[in-house]
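# Structural description and commentary
For reference, the chains in residue letters:
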Amino acid sequence: MNSDGGQDAGRDAKREAMSSFDEAADAYLASDVHRAGEDLNTLAEWSADASRALDVACGAGHTANALVEAGVPSVVAADATPKMVRTATANFPVAGAVADAERLPFRTGSFDAATCRVAAHHFPDPEAFVREVYRVLAPGGTFAFEDVAAPEDSELADFTDRFETLRDGSHVKAHPQSQWAAWLRDGGFEIEVSTVGRIDLDFADWVDRTDPLAADRERLDELVRTPEAADAYEVEVEDDEVVEFSNVKVLMRARKPA
Ligand SMILES: C[S@@+](CC[C@H](N)C(=O)[O-])C[C@H]1O[C@@H](n2cnc3c(N)ncnc32)[C@H](O)[C@@H]1O
């Protein structure tokens with residue numbers, strides 16, 4: 001970001017994220033969506049050959065632990081929220097680091113794999129994040145990445161950002177698969193796999209995890225019944241109950257050239 005205004009907005013977004021995630025660490029530790037899933041297995045399999053891996057924005061530590069379980073001998077779980085790092089290191093055999101994804105406190109070439117799962121929509125400057133992951137990887141190192149994907153249609157993408165922000169004030173912006181691909185390629189990565197998939201979620205549980213204000217909850221409940229939500233989240237409502245709800249995720253495996 002170039003202007004001071006942009007930097008201030010970025011700092012404000014980060015402060016907001018840290019304070020909300022501080023309270024949510026236990027919920028993320030217990031969350032079924034975070035502690036298991038095909039996406040988690042895929043990210044871990046993609047990184048299993050590494051000897052030293054970094055998980056960026058580790059949350060309660062499930063992805064870092066999946067790397068350990070996949071056989072990676074040394075895993076650093078890094079997050080900007082100190083309580084998340086404490087939760088990860090208290091529950092899993094990983095090292096911890098309090099670290100901003102856009103300014104990683106590690107030497108160039110320190111890791112042979114990096115992961116980041118469902119967190120980058122909180123980062124105000126995703127290009128800085130991509131640059132930093134590239135920098136801390138050794139030549140030949142892999143980056144296994146997953147995030148909420150915005151629809152490629154920009155109006156629908158704006159709708160999803162409004163929707164996600166009501167649910168979670170620390171949401172900054174989701175980006176479409178094509179944008180992530182461009183940032184990774186521009187950052188020097190070779191993209192080996194790029195897919196989008198849907199993850200079915202329990203709507204009430206998804207909303208509860210971030211505990212929004214009552215007014216925001218009401219607005220979310222209205223919005224989830226709109227045609228935009230039906231398109232973006234494949235929502236199905238029966239007898240006024242949300243019976244189907246899913247999120248689109250982008251999954252990518254990229255490599256820093258050897
Ligand atoms: C949804 S949780 C991540 C879940 C976790 N990756 C997993 O697989 O279980 C999002 C995390 O992003 C972290 N975060 C938000 N902004 C960050 C930033 N700029 N740098 C590092 N971590 C950040 C939050 O503290 C939070 O722990």
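Placed above this text is the structure.
I will try to describe carefully the structure that is included in this document.

### Section: the site of the ligand
Within the structure, the ligand sits among 21 residues, and T63, D79, T81, A101 and R117 are positioned closest to it. For the ligand, a nitrogen atom lies 3.0 Å from a polar atom in the backbone of A57. A distance of 3.2 Å separates a nitrogen atom of the ligand from a polar side-chain atom of D100. Relative to its free-state accessible area of 610 Å², the ligand is covered by the protein chains to the extent of 99%. Examining the composition of the shell around the ligand, we find that three residues originate from one element, helix α1 (residues 4-30), more than from any other. Of the residues assigned to the shell around the ligand, the class counts are 12 nonpolar, six polar and three charged.

### Some words on the side chain of K256
Within the element layout of this structure, K256 appears in the segment after β9 (246-255). The side chain of K256 sits in the buried core without any salt bridge; E132 is the nearest counter-charge, 9.7 Å away. Here K256 is in contact with Y134, R135, L137, A138, P139, G140, G141 and F189, once residues within four sequence places are set aside.

### Here we look at the environment of E234
In this structure, E234 sits in the loop between α11 (227-233) and β7 (236-238). On a C-alpha basis, the gap between E234 and K173 in space is 20 Å, while along the polypeptide they are 61 residues apart. Setting aside its immediate chain neighbours within four residues, E234 contacts R198, A229, E244, F245 and S246. Side chain to side chain, E234 and R198 meet in a polar contact 3.2 Å long.

### Here we look at the nonpolar core
Core analysis: the biggest nonpolar cluster contains 33 residues, and F129 and F143 have the highest contact counts within it. Where this core is concerned, the elements lending two or more residues are β1 (52-56), β2 (74-79), β4 (111-117), α6 (126-136), β5 (137-148), α8 (177-186) and β9. Discounting chain neighbours no more than four positions away, the residues touching F143 are A114, T115, C116, F129, V133, L137, L184, F189, M252, R253 and A254. Counting 17 residues, the second largest nonpolar core, distinct from the first, contains F203, V207, A229 and A232.

Calculation rules
- Residues numbered from 1 in each chain as written.
- Predicted model: local features only at pLDDT ≥ 70, side-chain atom pairs only at ≥ 80, totals over all residues.
- Heavy atoms only, no water.
- Near = heavy atom within 4 Å.
- Polar contact = N/O pair within 3.5 Å; in protein donor to acceptor, adjacent residues only side chain to side chain.
- Areas by Shrake-Rupley, 256 points an atom, 1.4 Å probe, with all protein chains shown as cover.
- Helix = DSSP H or I, 4+ residues; strand = E, 2+ residues; numbered from the N terminus.
- Nonpolar A, V, L, I, M, F, W, Y, C, P; charged D, E, K, R; others polar.
- Buried < 20%, exposed > 50% of the residue type's maximum accessible area, 1.4 Å probe, protein only.
- Lys, Arg positive; Asp, Glu negative; His and termini not counted.
- Salt bridge = Lys/Arg side-chain N within 4 Å of Asp/Glu carboxyl O.
- Contact = heavy atoms within 4.5 Å.
- Core = buried A, V, L, I, M, F, W, Y, C linked by side-chain atoms within 4.5 Å.

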